Number of protein chains: 2
Amino acid sequence: MNRRSFISSLGTSSAALAAWPMPAFDPARAGRAIRTEIAAGRQPQPKMSARPPVAFAAIGLNHSHIYSQIETMLGNGATLTAVYAKEPELVAAFTKRYPQARVARTEQEILDDKAIQLVVSAGIPNERAPLGIRVMQAGKDFMVDKPGVTTLAHLAEARRVQAQTKRIYSILYGGRLESPATQRAVELVHAGAIGQVLHTMGSGPHKIGADRPDWFWKREQFGGVLGDLGTHQVDYFLAFTKATRGAVVAARSGNLHHPDKPDFEDFGDAMLQAETAAGYFRVDWFTPGGVATFGDSRLTVMGTDGYLEVRPNVDLAGRPGGSHLFLVDQKETRYIEAKDTPLPYGPRLLDDIVNRTETAMPQAYTFLVAQLVLEAQAQARPPVLSK
Amino acid sequence: MNRRSFISSLGTSSAALAAWPMPAFDPARAGRAIRTEIAAGRQPQPKMSARPPVAFAAIGLNHSHIYSQIETMLGNGATLTAVYAKEPELVAAFTKRYPQARVARTEQEILDDKAIQLVVSAGIPNERAPLGIRVMQAGKDFMVDKPGVTTLAHLAEARRVQAQTKRIYSILYGGRLESPATQRAVELVHAGAIGQVLHTMGSGPHKIGADRPDWFWKREQFGGVLGDLGTHQVDYFLAFTKATRGAVVAARSGNLHHPDKPDFEDFGDAMLQAETAAGYFRVDWFTPGGVATFGDSRLTVMGTDGYLEVRPNVDLAGRPGGSHLFLVDQKETRYIEAKDTPLPYGPRLLDDIVNRTETAMPQAYTFLVAQLVLEAQAQARPPVLSK
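As a starting point, this report considers the structure included with it. Fair warning: this is a prediction, and the values are worked out from it, not measured in the lab. Numbering of residues begins from 1 in every chain and follows the order in which that chain's sequence is written. Labels are handed out in written order, letters beginning with A for the chains and numbers beginning with 1 for the ligands. In view of the model being predicted, local features appear only for residues whose pLDDT reaches at least 70, and side-chain atom pairs are presented and counted only at 80 or more, with totals across whole chains, interfaces and linings using the full set of residues. Hydrogen atoms and water are omitted, and side-chain values are computed over all heavy atoms in the structure.

The next point concerns the overall build of chain A. Within chain A, the secondary structure is distributed over 14 helices and 16 strands. The 387 residues of chain A split such that 62% are buried. Computed with a 1.4 Å probe, the accessible areas rest on the Shrake-Rupley method; for each residue, only the protein chains presented here act as cover. As displayed, chain A offers around 14400 Å² of accessible surface, 54% of which is attributable to carbon and sulfur atoms. Numbering goes from the N terminus for both helices and strands, where a helix is a DSSP run of H or I of at least four residues and a strand is a run of E of at least two. Burial status follows relative accessibility: with a 1.4 Å probe on protein chains alone, a residue under 20% of its type maximum counts as buried, one over 50% as exposed, and anything between as partly exposed.

Written out as structure tokens, the structure reads:
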């Protein structure tokens, strides 16, 4: 494995820690052997000549996630040719950044363009699946921001049309696919670093911030807090456990502290179950102003022979940067700075578009995540006794 | 508040962090203003003259927690006068450390001793409640290691006899009452540091280690993993939320990876609910050898205006020591070294014994924790689909 690795022997060289305002360091307390590791640097970009360029368009720009979706495609050699959105101001901002994108007058103009192979979208959540279905029916592949489906009826129709058309309906589960630390964690777990996975526990707190659009507050449009933020969490559970079926044991969602927005949900959680592992997650919109990230997400994965913790956005009052991975096995504690872990989703999706393969994410997996999320949403009960 | 406090302005003085093998530190990523705080030192011991000395005895020495129970009483001015246990080797080890303890020939000899006001016990878990009931019926107070009750029938009887005799039945919920960081967290939360509590999430991993006695593996004797390890977790939930009623939404427990010990439970989790807050916890016996603590416990408390995380045993690959508290509010991120936080349980319990008050922990609260734990245990289902 091409990885720079070195021992940070805290017992004999505690200069870094000595600077903390603490009493003498007792290495027996903070872990046995502690090893610091830096994940391998980004792999060289795949040669452009290895794959014919994929022409793609954007439809629906309501969430700014669209920009990372576009960058992922451009950075892997795809060609952006057109854009359509109902909102002129969103189109104007988009074409300022991407002047190469022709502005289509209608969605249909893009669907009718035989040269376009892929449509990417971050439209209003409950409009995404209907769009994806039209895209597949027009013979194109679809890559969409999460939540990629907001109702079980939409999911059934998306599954039906996908099976019929054999197009790709890819939901960008960014909490994993765009997170170097989480990507590295998946690789390590699948390589057996903590034995067999028994439990995953994730928290996905979020900051509301300012200037949220109207649809952000409307449950039908944003799809419910479990369906929205919970999507990443169910993806973690199924990805780490490699589960091929799952069940929701219990789920809760509701509005605990935003009485002025009665149709909003600010809290949700759920217990999950797979063949050989259990899971839990909590998502919320309560991240306070005193931390400079949209949310101090955490993910703990417990195995038969170790556990790991991902701190993908911030190491609270700790190390700089935002790609932290801690792994404990039977022998040692490792800190892994994971920011340079390669993210294979983009190149693999483009390969899949060209080769009609499923290397980025199996289609059945994509829909299974959505199904479990929507089942949680459907059976969610109030989070507290009195509300 | 008598507390040393100082600003660790990482933006301008990043010497400590610069020593980590990291790229340049971006303070905007690791938190806004970061403040390091050291909790107030231990309060002076209460004057012995303020309270008549309390004479106490130990009955049941099966768990080594008995030693911290004894130390807590001795350190606050109580007088150890006698000991009884069925196992001569446990008595021998005990009297070697505490030669002042007269060895009673029978439990009854201690119960009949009018001078003894308090019995402390860490006997085999399922024998604790019957002992506590006999102790109260003999007119004495009782302080017991957790789990303090292992069946709902025992709980009902303990409640009945306690109400009848007006004796104290105190269960030492050590995860809070013996943990400086957790104690400090409770104080801060009750003072409003994170607004109204909405959610608590705890994990209580444990290391099995070597030389566990027979009863450790027998469900009837240890009381089930939720009833045993889960006790701390339910205590956290009720203590932080100040809930006076609670419900179990869902619970799971089972044996995931110890097939040679079929009557053991190595995993449990549960979702809890109170009037205005939700909770979740996981407990397990999977702590691997690579971390030098019995378990990397965590507790996250989310409020309407902030959140905190307690790392009471280890700051994984981080700061030395074992009493770490991280608190984020609307303005800043604080790291609090909490090891010197005073622990009021011991002196308050002795006060209560003398004054017939409930300052250490209300009796109704003690039983409510046990009730919720035992309800979780009673309704627990298998953790995974196939097992």
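Let's shift gears to the relation of the copies chain B and chain A. The operation relating chain B to chain A is a screw motion whose rotation component is 180°, with 0.0 Å of axial translation and a residual RMSD of 0.0 Å. When the rotation and shift are considered jointly, the pair of chain copies conforms to a two-fold rotation axis. Most of the interface of chain B is mirrored in chain A, where 100% of its interface residues again form contacts. The copies are overlaid by a least-squares fit using only the C-alpha atoms of residues whose pLDDT is at least 70 in both copies. Only heavy atoms enter the contact rule, under which two residues are in contact if any of them lie within 4.5 Å.

All right, on to the environment of Leu152(B) then. Residues and elements named next belong to chain B. Among the secondary structure elements, leucine 152 is positioned in helix α6 (residues 152-165). Residues leucine 152 and glutamine 371, spaced 219 residues apart in sequence, show a C-alpha to C-alpha distance of 7.1 Å. Ignoring any residue separated from it by four or fewer positions in sequence, one finds leucine 152 in contact with Gln371, Leu374, Glu375 and Ala378.

All right, on to the pattern of salt bridges then. In what follows, salt bridge is the name for a side-chain nitrogen of Lys or Arg lying within 4 Å of a carboxyl oxygen of Asp or Glu. Summed over the entire model, instances satisfying the criterion amount to 56 salt bridges over all chains. Ionic pairing is found between Arg35(B) and Glu37(B), a salt bridge with its closest N-O pair at 3.2 Å. Comparing Arg35(B) with Glu37(B) shows no difference in burial state: the two are buried. For Arg311(B), the salt bridge identified is with Asp315(B), shortest N-O distance 2.6 Å. Assigned by exposure class, Arg311(B) and Asp315(B) land together as buried. The structure contains a network of salt bridges with shared partners spanning Asp296(A), Arg298(A), Glu309(A), Arg311(A), Asp315(A), Arg319(A), Asp296(B), Arg298(B), Glu309(B), Arg311(B), Asp315(B) and Arg319(B).

Where empty space is left can be seen by rolling a probe of water-molecule size over the atoms. Lining residues are those with an atom within 4 Å of a point, where the points come from a 1 Å grid over the protein atoms alone and group into cavities, where a 1.4 Å probe fits but cannot get out, or pockets, open sets with protein on both sides within 12 Å along at least five of seven lines. Grid points are joined across faces, edges and corners, and a volume is the space filled by probe spheres set on the points. Inspection of the entire model under this criterion finds 6 cavities of 30 Å³ or more. Counted as a void, the largest cavity has a volume near 370 Å³. Elements with a contribution of two residues or more to the lining of the largest cavity: β9 (197-205), β12 (278-284), β13 (298-303) and β14 (306-311) of chain A together with β9 (197-205), β12 (278-284), β13 (298-303) and β14 (306-311) of chain B. Note on residue classes: Ala, Val, Leu, Ile, Met, Phe, Trp, Tyr, Cys and Pro are nonpolar, Asp, Glu, Lys and Arg are charged, and everything else, Gly too, is polar. Class assignment of the residues belonging to the lining of the largest cavity gives a composition of 12 nonpolar, 8 polar and 10 charged.

Take the packing of helix α11 (residues 230-241) of chain B against helix α13 (residues 363-379) of chain B next. All names here are of chain B. It is the contact of α11 with α13, at a shortest axis distance of 9 Å, that shows an interaxial angle of 125°. On the basis of the axis angle, α11 is oblique to α13. Relative to α13, α11 is oriented so that their crossing is right-handed. Every residue of α13 that contacts α11 at Gly230, Thr231, Val234, Asp235, Leu238 and Ala239 is listed here: Tyr365, Leu368, Val369, Leu372 and Val373. Looking at side-chain class alone, the contact of α11 with α13 contains 8 nonpolar, 2 polar and 1 charged residues. Throughout, an axis means a line fitted to C-alpha atoms (over the contacting stretch in the case of helices), and angles, computed between N-to-C directions, take values from 0 to 180 degrees. Orientation labels follow simple angle bins: below 35 degrees gives roughly parallel, above 145 gives roughly antiparallel, 65 to 115 gives roughly perpendicular, and whatever is left gives oblique. Two helices crossing with the near one rotated counterclockwise from the far one by less than a right angle form a left-handed crossing, whereas a clockwise rotation gives a right-handed crossing.

Right, let's get into the pairing of β13(B). All names here are of chain B. For β13, the buried fraction is high: 6 of the 6 residues fall into the buried class. The side-chain alternation of β13 yields two buried faces, one formed by Arg298, Thr300 and Met302 and the other by Leu299, Val301 and Gly303. As paired strands, β9 and β13 are joined by 6 bridges and run antiparallel to one another. Within β13, the residue paired with serine 203 across the bridge is arginine 298. Bridge count between β13 and β14: 5 bridges; the pairing is antiparallel. Across the sheet, leucine 299 pairs through a bridge with valine 310, a residue of β14. Count of turn residues in the β13/β14 antiparallel hairpin: 2 residues. Strand pairing is defined by DSSP finding a minimum of two bridges between the two strands.

Turning next to the sheet that holds strand β8 (residues 169-172) of chain A. Residues and elements named next belong to chain A. Reading across from one edge, β5-β4-β3-β6-β7-β8 is the order of the 6 strands in this open sheet, with parallel pairing throughout. The open sheet has two edge strands, β5 (102-103) and β8, and neither has a second partner. Two strands pair when backbone bridges link them, and strand β3 (residues 55-59) and strand β4 (residues 79-84) are joined in this way by 5 bridges, in the parallel orientation. Bridging from a neighbouring strand, phenylalanine 56 pairs with leucine 80 of β4.

Our next topic: the packing of helix α3 (residues 65-74) of chain A against helix α4 (residues 88-97) of chain A. Residue and element names in this part refer to chain A. Axis separation between α3 and α4 bottoms out at 12 Å; the angle between their running directions is 30°. The angle between α3 and α4 falls in the class roughly parallel. Here α3 runs over α4; the crossing is right-handed. Along the contact surface, α3 presents Ile66, Tyr67, Ile70 and Glu71, while α4 presents Ala93, Phe94 and Arg97.

Pairing of aromatic rings covers Phe, Tyr and the six-membered ring of Trp, with a centre-to-centre limit of 6.5 Å; geometry is then stacked below 30 degrees between planes, edge-to-face above 60, and tilted otherwise. Under the counting rule described, the total for this entry stands at 25 aromatic pairs over all chains. A ring pair is formed by Tyr169(A) and Phe367(A), whose centres lie 5.6 Å apart and whose planes are at 45°; its orientation type is tilted. Residue Tyr169(A) is found in strand β8, and its partner Phe367(A) is found in helix α14 (residues 363-379); the two are separated by 198 residues along the sequence. Taking the relative accessible area as the measure of exposure, Tyr169(A) reaches 0% and is therefore buried. Between Phe94(B) and Tyr98(B), the aromatic rings sit 5.1 Å apart at their centres with planes inclined by 55°, giving tilted as the arrangement.

Next up on the list: the environment of Pro312(A). Residue and element names in this part refer to chain A. Here proline 312 lies in the loop between β14 and β15 (324-329). The class for proline 312 is buried, based on a relative accessible area of 14%. Between the C-alpha atom of proline 312 and that of alanine 338, which follows or precedes it by 26 residues, the distance is 9.1 Å. When near neighbours in sequence (up to four residues on either side) are disregarded, proline 312 contacts Ser179, Thr182, Ser297, Arg298, Gly322 and Ser323.

Take the interface of chain B and chain A next. The interface of chain B with chain A comprises 88 residues on the first partner and 88 residues on the second. Taken together, the connections running from chain B to chain A amount to 2 salt bridges. Polar contact is defined as a pair of N or O atoms within 3.5 Å, subject to the rule that within protein one atom must be able to donate a hydrogen and the other to accept it, and that residues adjacent in sequence are counted only when both atoms are side-chain atoms. Between the two partners, chain B and chain A, sit 27 residue pairs in polar contact (both at pLDDT 80 or more). For the side of chain B that touches chain A, the element with the most residues is strand β11 (residues 267-274) of chain B, which contributes 7 residues. Of the residues assigned to the side of chain B that touches chain A, the class counts are 44 nonpolar, 22 polar and 22 charged.

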